Amino acid sequence: MNEQSLAKAVIKLLSKSNSTLSVAESVTAGGLASALTEVAGASKVFLGGVIVYSDDLKISQLGVSKSDLKKYTAVSEEVAIAMAQSVRKKFKTDFAISTTGVAGPGAAYGQKVGTAWVGLASKKSAFAVALSLAGDRNSIRHAIINSALAALERILKP
């Protein structure tokens, strides 16, 4: 499925279950929120999000632990989960997605280009999905968005 189809499916499933969604984006820098809000009716279920591109904003806006950022780096399972849990609580939504990773052109945080994590949180649980992607900066960012939407769709399907 492409980004638009996945976003439509997610919005439809959230609507059917009367659930809400928020996002915390780093590597995708608003691309996930943009994909979601291109869908008519998204405002009924998508409440909003934050772009926390810098580590300082991950700390100040989401309360991500400075020690976790130092120990694990921003591109980690632990930080992706913390971001998703925090934005879900901050926006009081049923579900949340976070994105963090390295899209290039160069490596960062000791991680190679294409390394990314998608965090997902609900009232009951939180986890992160590791991604290892190839391509240019733009294709990597879109692959992360697609992966995030696909992961939430799988969770929401009855």
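Look a little higher up for the structure.
Colleague: How should unusual backbone geometry be read in this particular structure?
Modeller: Outside of glycine, negative phi angles account for most residues, and trans bonds account for most peptide bonds. That bond from Gly104 to Pro105 is cis: its omega, 20°, falls within 30 degrees of zero. Here the phi dihedral of Tyr109 falls at roughly 55°; this positive angle occurs in a residue that is not glycine. With respect to the element layout, Tyr109 can be found in the loop between strand S3 (95-101) and strand S4 (115-122). Take Tyr109: its relative accessible area is 36%, and that puts it in the partly exposed class.

Colleague: Looking at this model, I keep getting lost on the side chain of Ser19. Mind explaining?
Modeller: Of note, Ser19 is situated in the loop between helix H1 (3-16) and strand S1 (21-25). Among all residues touching Ser19, those that are not within four sequence positions of it are Leu14, Val45, Asp94 and Phe95.

Colleague: Explain the packing of helix H3 (residues 55-62) against helix H5 (residues 77-91) here, please?
Modeller: Any two packed helices are characterised by how steeply their axes cross, that is the angle between the axes, and by the distance between the axes. At a minimum axis separation of 10 Å, H3 and H5 run at an interaxial angle of 40°. Crossing angle aside, the handedness with which H3 passes H5 is left-handed. In contact with Lys58, Gln61 and Leu62 of H3, H5 contributes Val79, Met83, Ser86, Val87 and Lys90. Classifying every residue of the contact of H3 with H5 gives 4 nonpolar, 2 polar and 2 charged.

Colleague: Please clarify how the sheet that holds S1 should be interpreted in this entry.
Modeller: Pairing between sheet strands relies on hydrogen bonds along the backbone, with the strands arranged either parallel or antiparallel. The sheet built from 5 strands is open, its strands ordered S2-S1-S3-S4-S5 with mixed pairing. Each edge of the sheet is formed by a strand with only one pairing partner; in this case those strands are strand S2 (46-51) and strand S5 (126-132). Shown here is a sheet whose adjacent strand axes are inclined to one another by a mean of 15°, direction ignored. Of the strand pairs in this sheet, S3 and S4 are connected by 7 bridges, and their pairing is antiparallel. For Ile97, the partnering residue across the bridge sits in S4 and is Leu120.

Colleague: Hey, could you run me through the pattern of salt bridges in this one?
Modeller: For side chains of opposite charge, pairing can occur when their charged atoms come near one another. Counting across every chain of the model gives 3 salt bridges. With a closest N to O distance of 3.9 Å, Lys58 and Asp55 form a salt bridge. With Lys58 and Asp55 both in helix H3 and 3 residues apart, the pair spans about one turn of that helix. Relative accessible area serves as the criterion here: at 23%, Asp55 is assigned to the partly exposed category. Across the pair Lys157 and Glu153 runs a salt bridge whose closest N-O atoms are separated by 3.9 Å. Relative accessible area serves as the criterion here: at 48%, Lys157 is assigned to the partly exposed category. You can call Glu153 buried: its relative accessible area is 9%.

Colleague: Quick question: what am I supposed to make of the nonpolar core here?
Modeller: When a protein is soluble and globular, its nonpolar side chains tend to lie buried together. Of all hydrophobic cores here, the largest spans 33 residues; its most connected members are Val10, Leu21, Leu32, Leu36, Ile97, Leu149 and Leu152. At 9 residues, helix H6 (residues 137-156) tops the list of elements feeding residues into this core. Residues within four places of Val10 in sequence aside, it is in contact with Leu21, Leu36, Leu149, Leu152, Glu153 and Leu156. Counting 11 residues, the second-largest nonpolar core is a separate cluster that includes Ala24, Met83, Val87 and Ala96.

What counts and what doesn't
Residues numbered from 1 in each chain as written. Predicted model: local features only at pLDDT ≥ 70, side-chain atom pairs only at ≥ 80, totals over all residues. Heavy atoms only, no water. Helix = DSSP H or I, 4+ residues; strand = E, 2+ residues; numbered from the N terminus. Buried < 20%, exposed > 50% of the residue type's maximum accessible area, 1.4 Å probe, protein only. Contact = heavy atoms within 4.5 Å. Axes fitted to C-alpha atoms, helices over the stretch in contact; angles between N-to-C directions. Left-handed = near helix turned anticlockwise from the far one by under 90°. Nonpolar A, V, L, I, M, F, W, Y, C, P; charged D, E, K, R; others polar. Pairing = 2+ DSSP bridges. Salt bridge = Lys/Arg side-chain N within 4 Å of Asp/Glu carboxyl O. Core = buried A, V, L, I, M, F, W, Y, C linked by side-chain atoms within 4.5 Å.

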